[in-house]
Each structure stands twice: as structure tokens, then as C-alpha cells.
Amino acid sequence: MVLGRLLGAVTGDAGRVEPAALGPRFQEALLPGEQVLAAFRTVRDGFALTEWRIMVLDRQGMTGSKTEILSVPYRAVTRFSVEAGGATDLDEELKVWDRAGEAPLSFSFRRGTGAAMAAQAVLAERVVAA
């Protein structure tokens, strides 16, 4: 288990965290009263599923002081998939396509944590409601 966490940190696999762990820039980007349903973080980046949208944090540069926050409203999501890890895989992946039709947003999770399926469950619930 310790080896899996260490490898996940090195490879950038996301783990579930409290929303505050995504940092002050993320908190500033939330709308008044917007509730975070689930938050995930890698070594530098992260994403959250709120009641209204998917928010992706992309820290840029060597120091990570510049942060891009991408918002995708659930009504723009056209499809999504979860790729569960096999016997030799160390990760699981969630992919989300939006109406822009470009390459999907892709999120990698540590295998065996349940985080990929938890994210998929929140996403499914919100997309159906949108």
C-alpha cells in the first residue's frame, strides 16, 4: 500500500482530498454558495466536481505559481468513461468529453482506492440532472 501511494505521487495519480487541499485559488474561483461534491489532487494539479460544474486546476511553470482553472458545466458533458485497472495496472482513468468535441479531459487515479468510481458516480448523477 505504501509503495502504491509513493508511485501514485510520482506518476501524478489523483487521490481524493478535502476541497481546501486544492488551495486558495480554487476557493476563490468557487461561486458564492457553490458546494464541492468531491475533490481530487495530484502532486501539483487537481480537479473538483461541484454541484454545477467540473473545475480543473492546472498549475503551470516551475513554481506552479500560475494556475489555470478550467470550468466545464455538466450540461456541456456529452459522454464519459471509466477505465478500471487490470492486474498489472497501477492506475484507473476517468475520461470526460464535452460539446467542443476535442480530446477528452483525462484524470488518472491510483488503482484500488475507489476514487475513480466515486468521481464517476458524482459525474453521472450531475450529468443526468443537467
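Please read all numbers here as calculations on a predicted model, not as lab measurements.

About the criteria used
Residues numbered from 1 in each chain as written. Predicted model: local features only at pLDDT ≥ 70, side-chain atom pairs only at ≥ 80, totals over all residues. Heavy atoms only, no water. pLDDT = per-residue confidence, 0-100. Contact = heavy atoms within 4.5 Å. Pairing = 2+ DSSP bridges. Helix = DSSP H or I, 4+ residues; strand = E, 2+ residues; numbered from the N terminus.

This brings us to the confidence of the model for the protein. Of all residues in the protein, 84% have pLDDT values of 70 or greater, and the mean over the chain is 83. A low-confidence stretch, residues 1-11 stays under pLDDT 50, and its non-local contacts, those more than four residues away or across chains, total six contacts.

Further remarks concern the pairing of strand E2 (residues 36-41). Sheet analysis places strand E1 (residues 15-17) next to E2, joined by three bridges and oriented antiparallel. Its bridge partner being in E2, Arg 16 is matched across the sheet by Phe 40. Examined bridge by bridge, E2 and strand E3 (residues 46-50) share five bridges and lie antiparallel to one another. By the bridge assignment, Val 36 is partnered in E3 with Thr 50. In sequence, E2 turns back onto E3 through a hairpin of four residues.

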